[in-house]
Amino acid sequence: MTIRLGSRVPNFQQDSTEGKLDFYEFLGDSWGILFSHPADFTPVCTTELGVVAGLKGEWEKRNTKVVGLSVDPPDSHMDWAKDIEETQGHALNFPLVADADRSVSTAYDMLDGDEEVTATVRSVFIIDPNKNLRLSLTYPPSTGRNFAEILRVLDSLQLADSHKVATPANWRDGEDVVILPTVSDEDADSMFPKGYEAVRPYLRVTPQPNK
Ligand code: BEZ
């Protein structure tokens, strides 16, 4: 069943490249990214895992832990990890879940809808420190994900959780944001001391408050 945004994600215990992984325990108080890939030893997935490993410092800056997953067994993940390190210049530095019994893939609805295909699709879930789902994305097998976009969404979510703002189209960290429509002009005056421009009564633009 699809997990709705805002609802609590299921916990799981499953084998991984770092041994048995209890998902909630691993995440602790951090934000989490759970992402699945169709299969080990495939070209696009190899590049994706290398890129995610290379972004270690960016995940850390955002207090975020990442977990990869496919339905291949642990031995296969371990063999493939050597290829990732050799070809992508980054060794895996996060657990890769071996969901051989498909229990996690089923709970998170990551399996391909085609009955003939037993693989997971390219899903991405952003999970907040309360274990609530904040974003879910599904990509086709032929399209490698843009992890800069995942970082951008994390920045937006973390900003929106601490200030009464939302982020406009194509926003990037450091750019102007919009004040939530639920904030009165009077409250906005005190909440946003840098001021704001009311382009329309519902469209009030202000400098990013935490910069
Ligand atoms: C890949 O990761 O390269 C891939 C996986 C499944 C289908 C097509 C490409």
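Cut-offs used in this document
Residues numbered from 1 in each chain as written. Predicted model: local features only at pLDDT ≥ 70, side-chain atom pairs only at ≥ 80, totals over all residues. Heavy atoms only, no water. Helix = DSSP H or I, 4+ residues; strand = E, 2+ residues; numbered from the N terminus. Buried < 20%, exposed > 50% of the residue type's maximum accessible area, 1.4 Å probe, protein only. Near = heavy atom within 4 Å. Polar contact = N/O pair within 3.5 Å; in protein donor to acceptor, adjacent residues only side chain to side chain. Areas by Shrake-Rupley, 256 points an atom, 1.4 Å probe, with all protein chains shown as cover. Pairing = 2+ DSSP bridges. Axes fitted to C-alpha atoms, helices over the stretch in contact; angles between N-to-C directions. Contact = heavy atoms within 4.5 Å.

Would you mind going over unusual backbone geometry with me for this structure?
Excluding glycine, a negative phi dihedral is what most residues carry, and trans is how most peptide bonds are arranged. Even without being a glycine, Lys131 presents a positive backbone phi close to 70 degrees. Relative to the helices and strands, Lys131 is located in the loop between strand E6 (122–127) and strand E7 (133–139). Taking the relative accessible area as the measure of exposure, Lys131 reaches 8% and is therefore buried. Positive phi, close to 60 degrees, is recorded for Asn170, a residue that is not glycine. Tracing the backbone through its elements, the reader meets Asn170 in the loop between strand E8 (165–166) and strand E9 (177–179).

Is there a simple way to think about the site of the ligand in this case?
The ligand sits among Pro38, Thr42, Pro43, Val44, Cys45, Arg122 and Pro141. Pro43 is positioned such that a nitrogen or oxygen atom in its backbone is 3.1 Å from an oxygen atom of the ligand. In this structure, an oxygen atom belonging to the ligand sits 2.5 Å away from a main-chain N or O atom of Val44. When the free accessible area of the ligand is taken as 260 Å², the share hidden by the protein chains comes to 72%.

Before we go on, may I ask you to explain the sheet that holds E7 in this structure?
Pairing between the strands of a sheet is mediated by backbone hydrogen bonds and can be parallel or antiparallel. The strand order E5-E4-E3-E6-E7 describes an open sheet built from five strands, whose pairing is mixed. Edge positions in the open sheet fall to strand E5 (96–98) and E7, since each of these has one partner strand only. Averaged over all pairs of adjacent strands, the angle between strand axes in this sheet comes to 20 degrees, irrespective of strand direction. In terms of strand pairing, strand E3 (residues 31–36) meets E6 through four bridges, oriented antiparallel. Looking at the pairing, Ile33 lines up with Ile126 of E6. With respect to the sheet, helix H6 (residues 147–162) is in contact with E3, strand E4 (64–70), E6 and E7, its orientation differing from that of E3 by roughly 150 degrees.

These results come straight from atomic positions and should not be treated as a statement about function.
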